[in-house]
Amino acid sequence: MPPVDVVLVGFGWTASIIAQELTDAGVQVLALERGAWRDTVPDFATDHIQDELRYAVRKQIFESPERETLTFRNNASQTALPMRHLGSFLPAAGVGGAGVHWNGQCWRFLPQDFQIRTHTEQRYGKDFIPADMNLQDWGVTYEELEPHYDRFEYLCGVSGQAGNVGGQLVAGGNPFEGPRQRGYPLPPLERSASTVLFDKAAREVGFKPFPCPAANTSRPYRNPLGVQMGQCTYCGYCEWFGCGNYSKASPQTTILPVLLRKDNFHFRTHCNVTRVNTDSTGKRATGVTYVDVDGNQIEQPAQMVVLCAFAQHNVHLLLLSKIGQPYDPVSNTGVVGRNYAYQITSSVDVFQKERLNPFMGAGALGQAIDEFNGDNFDHGPHGFIGGGYIALWNTGGRPILQHHLPQNAPKWGAGWKKAMQENYLTACSIATHGSVMSYRSSYLDLDPTWRDVYGNPLLRLTFDFQPNELTMSGFLTDKAAQIGRAIPGATIHEKKRQGPYSIVPYQTTHNTGGAVMGDDPKTSVVNRYLQSWDVPNLWVMGASVFPQNAGYNPTGTVGALTFWSAEAMKRYLKNPGPLVTV
Ligand SMILES: Cc1cc2nc3c(=O)[nH]c(=O)nc-3n(C[C@H](O)[C@H](O)[C@H](O)COP(=O)(O)OP(=O)(O)OC[C@H]3O[C@@H](n4cnc5c(N)ncnc54)[C@H](O)[C@@H]3O)c2cc1C
Ligand code: SF4
C-alpha cells in the first residue's frame, strides 16, 4: 500500500475528531475501521431502528462476541474464560464507533479529578489512600482542557444549563462544576414528568438539582463545522440505537458530512488492524498491519499512527505489538495494561401514583445532583475515596428491557403481566453513577490460553469491585433513597451494588485505563499529550488513557482530550520528536 502521513486505527468518535483536525492542517489521513460503513440514512431510519429486540436484545450493531471477545476473571487466582456476553461494554463494530449507539450524556470531569492524588494527599493525608490503590494525577489540568471541552460541546450541540461561567455561579446549573468560558450551545431538554418529580424531591431534601448535559439537541442546531442537526423528538431510542433524526451527536451527525468531502481524507472498512509495526529500533512506528474482509494480511505504511479503537482494543494492540513494558501486578511495574478501571452503579426504584409516560425520553434526558461526586463533600468521616452523581434519567420506557416492578411482584405469567400493567406508567428509578479507582489487582494482559480468529492471544481482563467502591456506592444509594422517599406517596426499593463484579449484565459501558497518561514513564504509557513515551510517532486516544475513572460518563473528557492531543500532533508534525522529555 502507498504510505500515508497518518493512519488512524478505528473510525469512531476520537478518529473522526483527529481526522477533521489534521486534514484541516493539510495532512493526509487514512482511517482503518474493522466494521462496516453506516449512516443515518438508511441504517438508522426510524422505520426499523426502533426495534428493541433486534438492536438492544440481539445486539446487532455491537461487536459480536462470537468473532471477538476478551477473557475475564475477578482476580489472579481464577482462570479467565472467554466472555460470550459483553453486557458491560457493548463495544461498537462500525463507522462512528460507540458514538452511534451512546446515550449522549456529555459531562466535564471536576477540576480535582485531574489531580486526584495531589488533592487527596493535601486534604486527607497520604495514609488516606489504600496501599493497593494506584491513584495518579493525569498530567493535564482542567484549566488546560477547558477550551477543548468547549469545542467538543459546541461540535455536539450539547443541551444543558451552565452552573459556573467564568467563576460566577449560575442558578439552575451544577454549582460544583469547574468554571466554563460560556454556557452550553443549547438550552436544556424539556423535562419529563419523572425528572420533575426528582427535581422537587431533591430540593425538598436540600440538594441542588440541575439538568444533565445532553448531546441530544433541544433545538435545531448548526455546529461550527456548518453541519445541521434536527431537534430531538424524545423518541426514547437513543441508548443502544442510532438516531434516525440527526439529533444525537455522533461522528455521522457532526463531522463526517464535512470530513468525507476532503481529498486528503480516506477510509477503508472491514480492515481489522492486528499490529502496529515498528522499525528495528522499536522506537519508531512504520505503520500498521491489518486483515481485510477476504482474510488478506496487508501492511499500511504511515509516518504516524493513532490508536482510536476504544478503550480495551487500544491496549490489546499495544500488547500484541510489544510496544511499552507490559504491567506486572506482582511487582507493580510496567505500564501497558496498568490501571484498568470501570464504574459502579446502583439504583433505587420508586413506585408512586402520578402518571409519568416513560416512553417519551432521550438518551441523556435527566435531572441530577452532584453533592456527592468527586471531592464535593468531606470524605474524612467516610473513609473512602471517590463519589458519583445521582440522577433520574428518562431514556425511554422501552417495552422489553425497561420496566421497574415492585420487589414482591411475580416474575412471570399473569401476575407479572398485571404488575407490569399497574406499574409501567407510574414507576421510575433513581440511579447512582460512581467512580472506580485503579488498583494493583485490576489490569489487562494477554491471555495465555485463548486466541482470536487471527490466532492472536485474547485480551484478558482481571477486575473486581473493591471495598472502597462498594462502600462509596452504598453511601450514594442511601442518598438516592433519601430523595426517593421525598417523592409524595412513594414506596422505594433500594438496589445496592454487590460484589463480585459480573461482566454479563449491562450496568455502565465505561471502562478506562490500560494505556494511561501521566508525567512519569514508569507509571504511564503516554505523556500529557497522549503521545507514546516509547514510540513518539504513536498516539493513543480515548478512555484507555484515564489513570482512574471518575463519577461521570467519559466521552466529554474523551472529546476534550482528543482536541487537546490534536493540537499537540500539529506541533509534532511540524517538528517531530517527543513533546515531553524526562
Ligand atoms: C451503550 C453505550 C452507551 C454509552 N453512553 C455514553 C454516554 O451517555 N455518555 C458518555 O460519555 N459515554 C457513553 N458511552 C461511551 C462512548 O460511546 C465512548 O466513550 C466513545 O464512543 C469512545 O470513542 P472512541 O473513539 O474511543 O471509540 P469508538 O467511538 O467506539 O470507536 C472505536 C472504533 O474502533 C474500531 N476498532 C476497534 N478495534 C479495531 C481494530 N483492531 N481495527 C480497526 N478498527 C477497530 C471499532 O469498530 C470502532 O468503530 C457509551 C457507550 C456505549 C457502548
Ligand atoms: S431521543 Fe432524540 S436524540 Fe435520541 S434517538 Fe430519539 S430523536 Fe434521536
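See the structure above.
The shown structure was predicted, so the numbers you read here are calculated from the model rather than taken from an experiment.

S.K.: What is the right way to look at the site of ligand 2 in this model?
M.R.: Cys232, Cys235, Tyr237, Cys238 and Cys243 are the nearest of the 14 residues found near ligand 2. When its residues are assigned to classes, the shell around ligand 2 shows seven nonpolar, six polar and one charged.

S.K.: Explain helix 11 (residues 413-423) to me, please; I cannot follow it from the model alone.
M.R.: Owing to its 3.6 residues per turn, the α-helix aligns residues three or four sequence positions apart on the same side. Burial in helix 11 covers these residues: Ala419, Met420 and Asn423. Projection of helix 11 onto a plane perpendicular to its axis shows the buried side chains occupying an angular sector of 105°, all on one side. Away from its buried face by more than 90 degrees, helix 11 exposes Ala414, Lys417, Lys418 and Gln421. Contacts from the buried residues of helix 11 go to strand 14 (344-351).

S.K.: Help me understand the environment of serine 64 in this model?
M.R.: Considering the arrangement of structural elements, one finds serine 64 in the loop between helix 4 (52-57) and strand 3 (70-73). Serine 64 gets classed as partly exposed once you look at its relative accessible area, which sits at 30%.

S.K.: Even after reading the chapter, I still don't get the site of ligand 1, so can you show me in this structure?
M.R.: In the region of ligand 1, 38 residues are neighbours, and Thr14, Glu33, Gly94, Gln105 and Thr555 sit closest. Within the side chain of arginine 34, an N or O atom sits 2.9 Å from an oxygen atom of ligand 1. For ligand 1, a nitrogen atom lies 3.2 Å from a polar atom in the side chain of asparagine 272. Contact with the protein chains removes 98% of the 1000 Å² of surface that ligand 1 exposes when unbound. Residues that form the shell around ligand 1 fall into these classes: 18 nonpolar, 18 polar and two charged.

S.K.: I would appreciate a short explanation of unusual backbone geometry in the present structure.
M.R.: Peptide bonds are trans in most cases, and residues, glycine excluded, mostly fall at negative phi. Geometrically, the link from valine 41 to proline 42 is a cis peptide bond, its omega value of 5° lying close to zero. Summarising the element assignment, proline 42 is placed in helix 2 (residues 40-43). Here the amide bond leading from glycine 499 into proline 500 is cis, since omega sits at -10°, within 30 degrees of zero. Here proline 500 lies in the loop between strand 20 (491-495) and strand 21 (538-540). Backbone geometry at tyrosine 246 places phi at a positive 55°, although glycine is not the residue there. Residues other than glycine seldom take positive phi values, yet phenylalanine 310 does so here, at roughly 80°.

S.K.: What am I meant to see in the sheet that holds strand 3 here?
M.R.: The strands making up a sheet associate through hydrogen bonds between their backbones, and the pairing can be parallel or antiparallel. Sheet architecture is open: four strands sit in the order 4-3-19-18, paired in mixed fashion. Where the open sheet ends on each side, the last strands, each with one partner, are strand 4 (81-82) and strand 18 (443-451). Pairing analysis gives four bridges linking strand 3 to strand 19 (residues 457-462), with the strands arranged parallel. Each residue of the ladder has a partner; that of threonine 71, found in strand 19, is arginine 460.

S.K.: How do you make sense of the side chain of asparagine 339 when you look at a structure like this?
M.R.: With respect to the helices and strands, the residue asparagine 339 is situated in the loop between helix 10 (311-320) and strand 14. Given a relative accessible area of 0%, asparagine 339 falls into the buried group. Here the side chain of asparagine 339 touches glutamine 136 through a polar contact of 3.2 Å, side chain to side chain. With near-sequence residues (within four places) excluded, asparagine 339 lies in contact with Asn134, Gln136, Ser438, Ser442, Thr512, Gly513, Gly514, Val516, Phe546 and Pro547.

S.K.: Got a minute to help me understand empty space enclosed by the protein in this structure?
M.R.: The gaps left among the atoms become clear once a water-sized probe is rolled over them. Within the structure shown, the criterion is met by seven cavities of 30 Å³ or more. The computed volume of the largest cavity comes to approximately 120 Å³. As for the largest cavity, its lining consists of 16 residues, and the residues nearest its centre are Trp107, Asn174, Glu177, Arg180 and Tyr184. Its residues assigned to classes, the lining of the largest cavity shows nine nonpolar, three polar and four charged. Lining the second largest cavity are 13 residues, with Ile116, Thr120, Gly374, Asp375 and Ile385 sitting closest to its centre. Among the residues making up the lining of the second largest cavity, the classes are represented as five nonpolar, six polar and two charged.

S.K.: Would you explain a nonpolar patch on the surface in this entry?
M.R.: Taken together, the side chains of Leu53, Val57, Ile400 and Leu401 make up a nonpolar region of the molecular surface, amounting to roughly 300 Å² of accessible area. Here leucine 401 lies in the loop between strand 16 (388-393) and helix 11. Overall, leucine 401 belongs to the partly exposed group, its relative accessible area being 44%.

S.K.: In this structure, what is going on with the environment of valine 258? I would like to understand it.
M.R.: Locating valine 258 in the fold gives a position in helix 9 (residues 256-259). The residues contacting valine 258, other than those within four sequence positions of it, are Gln20, Leu225 and Val227.

Quick notes on the rules
Residues numbered from 1 in each chain as written. Chains lettered and ligands numbered in written order. Predicted model: local features only at pLDDT ≥ 70, side-chain atom pairs only at ≥ 80, totals over all residues. Heavy atoms only, no water. Near = heavy atom within 4 Å. Nonpolar A, V, L, I, M, F, W, Y, C, P; charged D, E, K, R; others polar. Buried < 20%, exposed > 50% of the residue type's maximum accessible area, 1.4 Å probe, protein only. Helix = DSSP H or I, 4+ residues; strand = E, 2+ residues; numbered from the N terminus. Arc of directions from axis to C-beta. Contact = heavy atoms within 4.5 Å. Polar contact = N/O pair within 3.5 Å; in protein donor to acceptor, adjacent residues only side chain to side chain. Areas by Shrake-Rupley, 256 points an atom, 1.4 Å probe, with all protein chains shown as cover. Pairing = 2+ DSSP bridges. 1 Å grid on protein atoms, 1.4 Å probe; cavity = no way out; pocket = protein on both sides within 12 Å on 5 of 7 lines; lining within 4 Å. Points joined across faces, edges and corners; volume = space filled by probe spheres on them. Patch = residues over 30% accessible without salt bridge, like charges linked within 9 Å, V, L, I, M, F, W, Y side chains within 5 Å. Salt bridge = Lys/Arg side-chain N within 4 Å of Asp/Glu carboxyl O.

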